[in-house]
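A look at the structure
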Amino acid sequence: MKRPVLVSLFTPEDQLSQLQMLGPYDRVEVNYHMFPDEETYLQIQGDISKDIKGREVIIFDSLNQPNSKFLQLVFLAETLMECGAKRVGLVCPYLAYMRQDKRFKSGEGVTSTYFAKLISSSFDWLMTVDPHLHRLASLDEIYSIPSCVINAGPSIATWVREHVSKPLLIGPDAESEQWVSNIAKLSNVPYIILEKIRRGDQDVSIKFPDFSPYFDHTPVVIDDIISTASTMIKTVTHLNMQQMKKPICIGVHGIFAKDAYLSLLKSGVANVITCNTISHKTNNINLLPTLSEAILKMLTA
Ligand code: R5P
């Protein structure tokens, strides 16, 4: 098989060169810009018949801030197919639009389903890291293309083992149990799942149990997504009021909307750590080796 081709519009160069070294991949550049009216221009660089025709192409771009990226990625996939690519897969370490998977109030759009339909009609396969599967058992329920899900749990467990003494893992809500229980099992440490009620984007309340048996532990709050950080901040504030040690916060996907990161830092955390599914200064858990291994395995299967 010829080396797969790596293409990206939004991923930072350091991540792409790291991926390339983990390969073998060939890189193809895209000349990409916005016209003054914000329409997109793109042109695949290089020798199309040699670099793209008949080749497996991987578009590697995370889907945080999806509305400002989606159309460009679809245009890129279409262009690559027209250039003769064998298949065009999307590797998006963070997959957006997974939370509105149900109509809670009359008239609401079930955007998870609509987004899945759009992605499925534009790409041949999909790979992502820990999508927010809550009421859905798997991506196959809404995506009609083959998909592969990478679990960040083992890498997070390794980080916790190497950096935290006597950890107590804390999941802030029922959805987090799937990740937190797995990480606790892998690291052989205790965990507690809290009960969260969300009333609005930044309006969450959480029920806390008695933490006194764990006063000598280091609390490690783990969630799949840190968006406004309201969930983390509520949890951290409570733990600090209980005179627990300063908590460490770990997010698989650090979106950090607006000033979320600063607010979280100010709430009294010991440290904020994320996986590098979305580029951010808190990225301390590198999932590129796991992603690359999965990509190569999938393409040679
Ligand atoms: C929600 O169900 C997720 O698991 C996270 O708890 C949530 O997305 C965190 O959002 P925020 O940082 O805005 O509280």
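Residue positions within a chain follow its written sequence, with the count starting from 1. For a predicted model such as this one, the threshold for reporting local features is a pLDDT of at least 70, and the threshold for listing and counting side-chain atom pairs is 80 or more; totals across whole chains, interfaces and linings nevertheless cover every residue. Calculation of side-chain values draws on the structure's entire complement of heavy atoms; hydrogens and water are dropped beforehand.

**Topic: helix H7 (residues 230–241)**
Applicable threshold: Each helix is a run of H or I in the DSSP string that is no shorter than four residues. Each strand is a run of E no shorter than two, and both are numbered from the N terminus. By this rule, a helix spans an expected 1.5 Å times one less than how many residues it contains. Only protein chains enter the accessibility calculation, which uses a 1.4 Å probe; a residue whose area is less than 20% of its type maximum is buried, one above 50% is exposed, and one in between is partly exposed.
In a regular helix each residue adds 1.5 Å, so 12 residues correspond to 16 Å; H7 covers 16 Å between its end C-alpha atoms and thus fits that length. The set of residues buried in H7 consists of Ser-230, Thr-231, Met-232, Thr-235, Val-236, His-238 and Leu-239. Backbone geometry just after H7 places Gln-243 at a positive phi near 65 degrees.

**Here's the deal with the packing of helix H1 (residues 13–22) against helix H9 (residues 288–300)**
Packed helices, taken two at a time, are described by the angle their axes make and the gap between the axes. Rule in force here: In this analysis, axes come from line fits to C-alpha atoms, helices being fitted only over the stretch in contact, and the angle between any two N-to-C directions falls in the range 0 to 180 degrees. Here the angle decides the label: under 35 degrees means roughly parallel, over 145 means roughly antiparallel, 65 to 115 means roughly perpendicular, and every other value means oblique. Note on convention: the crossing is left-handed when the near helix lies turned anticlockwise from the far helix by less than a right angle, right-handed when the turn is clockwise. Contact definition: two residues touch when any of their heavy atoms are within 4.5 Å. Put simply, Ala, Val, Leu, Ile, Met, Phe, Trp, Tyr, Cys and Pro go in the nonpolar bin, Asp, Glu, Lys and Arg in the charged bin, and everything else, Gly too, in the polar bin.
Their axes nearest at 10 Å, the elements H1 and H9 cross at an angle of 50 degrees. In terms of orientation, H1 lies oblique with respect to H9. Helix-helix and strand crossings are classified by hand; for H1 and H9 the assignment is right-handed. For the pair H1 and H9, contact is made by Gln-15, Gln-18, Leu-19 and Leu-22 and by Leu-288, Pro-289, Ser-292 and Leu-296, respectively. Considered class by class, the residues forming the contact of H1 with H9 number 5 nonpolar, 3 polar and no charged.

**Here's the deal with the site of the ligand**
How we decide: Residues are counted as near a molecule or strand when any one of their heavy atoms sits within 4 Å of it. We define a polar contact as two N or O atoms separated by no more than 3.5 Å, with the added condition that, inside protein, one atom must be a possible hydrogen donor and the other a possible acceptor, whereas residues neighbouring each other in sequence contribute only through side-chain atom pairs.
Close to the ligand lie 15 residues, the nearest being Glu-175, Asp-223, Asp-224, Thr-228 and Thr-231. Between the ligand and Asp-223 there is a distance of 2.5 Å, counted from an oxygen atom to a side-chain nitrogen or oxygen. In this structure, an oxygen atom belonging to the ligand sits 2.8 Å away from a main-chain N or O atom of Ala-229. Split into classes, the residues belonging to the shell around the ligand amount to 3 nonpolar, 5 polar and 7 charged.

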